[in-house]
Amino acid sequence: MRVIDHLIAGHSGGGATRTGDVFDPNTGQVQASVNLGDQALLDQAVAAALKAQPGWAATNPQRRARVMFNFKALVEKNMDELAHLLSSEHGKVIADSKGDIQRGLEVIEFCCGIPHVLKGEYTQGAGPGIDVYSMRQPLGIGAGITPFNFPGMIPLWMSGVAIATGNAFILKPSERDPSVPVRLGELFLEAGLPEGILQVVHGDKEMVDAILDHPAISAVSFVGSSDIAHYVYKRGVAAGKRVQAMGGAKNHGIVMPDADLDQVVADLSGAAFGSAGERCMALPVVVPVGEKTAVALREKLIPAIAALRVGVSTDSDAHYGPVVNAAHKQRVENWIQTGVDEGAELVVDGRGFELQGHEKGFFIGPSLFDHVTPQMESYKEEIFGPVLQIVRADDFEHALRLPGEHQYGNGVAIFTRNGHAAREFAARVNVGMVGINVPIPVPVAYHTFGGWKRSAFGDTNQHGMEGVKFWTKVKTITQRWPDGAPDGSNAFVIPTMG
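Residues numbered from 1 in each chain as written. Predicted model: local features only at pLDDT ≥ 70, side-chain atom pairs only at ≥ 80, totals over all residues. Heavy atoms only, no water.

Peer 1: Let's hear about the sheet that holds strand β4 (residues 18-24): which residues, and what values?
Peer 2: Strand order across the open sheet formed by three strands is β1-β5-β4, with mixed pairing between neighbours. This sheet does not close on itself; its edge strands, each paired only once, are β1 (2-4) and β4. Between one strand axis and the next, the sheet turns by 35° as a mean value, whatever way the strands run. For β4 and strand β5 (residues 29-36), the ladder comprises seven bridges, and the chain directions are antiparallel. Across the sheet, residue T19 finds its bridge partner in β5, namely N35. Each of β1, β4 and β5 is contacted by helix α3 (residues 79-90), which is oriented at about 100° to β4, the strand it contacts most. (Pairing = 2+ DSSP bridges. Helix = DSSP H or I, 4+ residues; strand = E, 2+ residues; numbered from the N terminus. Axes fitted to C-alpha atoms, helices over the stretch in contact; angles between N-to-C directions. Contact = heavy atoms within 4.5 Å.)

Peer 1: Quick rundown of the side chain of S174? Include the residues and the values.
Peer 2: Looking at where S174 falls in the secondary structure, it is placed in the loop between β9 (168-172) and α7 (179-190). At 3.1 Å, the side chain of S174 and the backbone nitrogen of R176 are in polar contact. With sequence-adjacent residues up to four places away left out, S174 is seen in contact with T146, P147 and F148. (Polar contact = N/O pair within 3.5 Å; in protein donor to acceptor, adjacent residues only side chain to side chain.)

Peer 1: Give me the lowdown on the pattern of salt bridges, citing residues and values where you can.
Peer 2: This structure, assessed with the given rule, holds 26 salt bridges. Close ionic contact of E76 with K72 constitutes a salt bridge, the shortest N to O distance being 2.8 Å. Separated by four residues within a single helix, E76 and K72 lie in helix α2 (residues 61-77), roughly one turn from each other. E76 sits in the partly exposed class, given a relative accessible area of 37%. Linking K300 and D262 is a salt bridge whose minimum nitrogen-to-oxygen distance equals 2.9 Å. In this pair, K300 is assigned in helix α11 (residues 291-306) and D262 in helix α10 (residues 261-273), connecting sequence segments 38 residues apart. Here the residues in one salt-bridge network are E291, R298, E345, D370 and R392, joined through shared partners. (Salt bridge = Lys/Arg side-chain N within 4 Å of Asp/Glu carboxyl O. Buried < 20%, exposed > 50% of the residue type's maximum accessible area, 1.4 Å probe, protein only.)

Peer 1: Tell me what's going on with helix α12 (residues 326-341), and back it up with residues and numbers.
Peer 2: Helix length check: α12 (16 residues) gives 23 Å between terminal C-alpha atoms against 22 Å at 1.5 Å per residue, within 8%. Among all positions in α12, only H328, K329, V332, E333, W335, I336 and G339 are buried. When α12 is viewed along its axis, its buried side chains cluster within an angular range of 150° and face the same direction. Looking at α12, the residues exposed on the side facing more than 90 degrees away from the buried face are A327 and D341. If you follow the buried residues of α12, they end up packed against β15 (345-348), β16 (367-370), α13 (377-380) and β17 (387-390). The opening residue of α12 is N325, an N-cap whose side-chain oxygen sits 3.4 Å from the backbone nitrogen of A327. Note on α12: the residue one or two positions beyond its end, G343, has a positive phi of about 105°. (Expected span 1.5 Å × (residues − 1). Arc of directions from axis to C-beta.)

Keep in mind that these numbers describe shape and distance, not what the molecule does.
Pasting the structure below:
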């Protein structure tokens, strides 16, 4: 059986105190074993990072950018291999896997311009003969703890900016689908990244705690569920680290009476069910405004959902594949039953779905609920599966309150032809990322990604300039070169004292 090992100081190895199973979600069978590390393994990675990072930080930004350019080319060259590897462990269809990697690669493209964004500020003549300037310097060693649902994109979001700004980076990917992060680490080495600058360590909570507690790690970036994100944030901050911890979501799509319902249904088919709903920027709640809108939307959704094709990851005609493992399949089906028990109308039931020839695979058919209310636990919590819930709103103000009052505040979308309604909604909604006729409003790489409320803990978002700020610290220098008389008659005076 294939064994997935750590990547330490440029080499596979490091040993294992325990191992974990890696499944093929299409068949339900174990396809590989991943070595799980411990504190001793992390110490090896930290030692290698401490040795390599000063030299990398001293490398000029242009040369660091060249590594990013080389890496980008290598990822593009190996896209098919990476996508098939990702799909074989996660379950998403090949097209989704390529999109996963491509969205991560867009952050690498941003990092190719790192010399520009690292330029500091400069003020000449802040006082008599006094100049003031600032510089951005790396933190030292950073770490990333990434989830199973985007094993290509999110490691690249974190590592790209951290490395380009001069840090060493230790990545702890999900143990459910760990192969792509290791392969990306290998491609970074091939691109010219020094050994020890990017390392991959596998593990579970034991490794997470070791990272959060290690005194040599200055910053941690995390993406996962909100309860764990809060835990990571509190423990990391208590250890004196800079922490950004992105949590769960329950994104709403507001459908105004003037919306193009055919386009809305097409968008919802992908946003709610694509990647089996295992996305923090999925759109699992649709909010039609007014009874007429709700009835018309429901009538169009039912046949659209019936037309969705669930298939194996390599099926080019499939809209989505299996979920990641048996435990997650059971969790999603439990939430569907909870919705039924709470009194929501289960219009389409995706439970019990079996794919011929792959009966042991982790497949779930698409499900649709109507008449869901904000009091239901199935509405309050993140289901993270191919389940769409209809929550009916009486008017615009009612629709605006629903995402604003929800515990999560990651993303939201409004579908309308009315510019005033869209502008009002975007300004007032209590959510971090807003789409206007865009169902999944993930910002482009040179902007920043981050939600509000229990969707994010910490003050700084991911990628873009916010990412640069997170992975660097500012040093400000006030300088004066004396040109006065030796007797000190042109004495130094701080501007605010003169």
